[in-house]
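Summary of the model geometry
What follows is each chain in one-letter form.
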Amino acid sequence: MKVVLTQDVKGLGKKGDLVNAADGHVRNFLFPRKLAIEANAQAMTELKNRDAAAAHKLATETAAAKDAAAKLNEKTVKVAAKAGEQGRLFGKITAKEVAEALQAQFGVAADRRKITIDDIKNCGTYEAEIKLQHGVSAKFFVLVTGE
């Protein structure tokens, strides 16, 4: 019997999958536990609509990530920090501070865990990379100035 899974079922499939299962398994296990629904016309239409909505959401997120990458690519973000003599910083510049500077200067919301930078302990210009989405990344520069 063809059914659409409403939850992940070990050994059968993931949520939203259309699977062919034995009649007894469906009648005695999947239906009573609300793990699946019968694959009728309404269920198939809902499945197609859900897939189309997920594809549209992915396309809009990818487009937004590409726009953000175009804004950031080869740009310089400025970060000010307390520094001693000879440009040595008190502490270091972290990815969190770079993410906040990106938000303030370019309006790009960035997750600090997606930013790749070297340890920044001196004033100067450093190269950084941000991964906005799978396959979409941007390289930019971080200019550190002392206060």
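Remember, it's a predicted structure, so these values are computed and weren't measured experimentally. (Residues numbered from 1 in each chain as written. Predicted model: local features only at pLDDT ≥ 70, side-chain atom pairs only at ≥ 80, totals over all residues. Heavy atoms only, no water.)

Let's shift gears to the overall build of the chain. Scanning the chain from N- to C-terminus turns up 3 helices and 9 strands. When the helices and strands of the chain are listed from N to C terminus, the series reads β-β-α-β-α-β-β-α-β-β-β-β. In terms of overall dimensions, the chain is more spread out than a globule: its C-alpha atoms have a radius of gyration of 25 Å, far above the 15 Å expected for 147 residues. Based on the C-alpha atoms only, the size of the chain along its principal axes is roughly 80 × 25 × 20 Å. Residues counted as buried form 28% of the 147 residues belonging to the chain. Sequence-distant contacts, at least 24 apart, represent 50% of the contacts inside the chain between residues at least 6 apart. Carbon and sulfur atoms provide 50% of the accessible area of the chain, an area that totals close to 9800 Å². Side chains of the chain carry 24 positive and 18 negative charges; the gap between the two charge centres is 5 Å. (Helix = DSSP H or I, 4+ residues; strand = E, 2+ residues; numbered from the N terminus. Rg over C-alpha atoms; globule rule 2.2 N^0.38 Å. Buried < 20%, exposed > 50% of the residue type's maximum accessible area, 1.4 Å probe, protein only. Contact = heavy atoms within 4.5 Å. Areas by Shrake-Rupley, 256 points an atom, 1.4 Å probe, with all protein chains shown as cover. Lys, Arg positive; Asp, Glu negative; His and termini not counted. Charge placed at Lys NZ, Arg CZ, Asp CG, Glu CD.)

As a further point, take helix H3 (residues 95–106). For H3, which comprises 12 residues, the first-to-last C-alpha distance of 16 Å matches the rise-based estimate of 16 Å (1.5 Å per residue) to within 8%. For H3, every residue scored as buried is listed here: Ala95, Val98, Ala99, Ala101 and Leu102. Along the axis of H3, the buried residues cluster in a sector spanning 160°; they form a single face. Just beyond H3, the residue with positive phi is Gly107, at close to 75°. (Expected span 1.5 Å × (residues − 1). Arc of directions from axis to C-beta.)

Moving on, we get to the pattern of salt bridges. Overall, the coordinates contain 2 salt bridges when judged by the stated rule. For Lys92, the salt bridge goes to Asp119, with nearest N and O atoms at 3.6 Å. Of this pair, Lys92 sits in strand E5 (residues 88–93) while Asp119 sits in the loop between strand E6 (115–117) and strand E7 (120–122), and the two are 27 residues apart along the sequence. Overall, Asp119 belongs to the exposed group, its relative accessible area being 52%. Across the pair Arg113 and Asp111 runs a salt bridge, and its minimum N-O distance is 3.2 Å. Since its relative accessible area comes to 61%, Arg113 is described here as exposed. (Salt bridge = Lys/Arg side-chain N within 4 Å of Asp/Glu carboxyl O.)

With that settled, the discussion passes to the sheet that holds strand E9 (residues 136–146). Strand order in the open sheet made by the 4 strands is E4-E9-E8-E6, with mixed pairing throughout. The open sheet has two free edges, formed respectively by strand E4 (76–81) and E6, since each of these has just one partner strand. Adjacent strand axes in the sheet meet at a mean angle of 30°, parallel and antiparallel pairs treated alike. Most of the contacts of H3 go to E4, to which it runs at about 120°, and overall it touches E4, E6, strand E8 (124–133) and E9. (Pairing = 2+ DSSP bridges. Axes fitted to C-alpha atoms, helices over the stretch in contact; angles between N-to-C directions.)

Across the sheet, which stays open at both edges, the 3 strands sit in the order E2-E1-E3 with antiparallel pairing between neighbours. Strands at the two margins of the open sheet, each flanked by one partner only, are strand E2 (18–20) and strand E3 (36–38). In this sheet, adjacent strand axes meet at a mean angle of 40° when their direction is disregarded. In this structure, strand E1 (residues 2–5) lies alongside E3, joined through 3 bridges in antiparallel fashion. Counterpart to Val4 in the pairing with E3 is Ile37.

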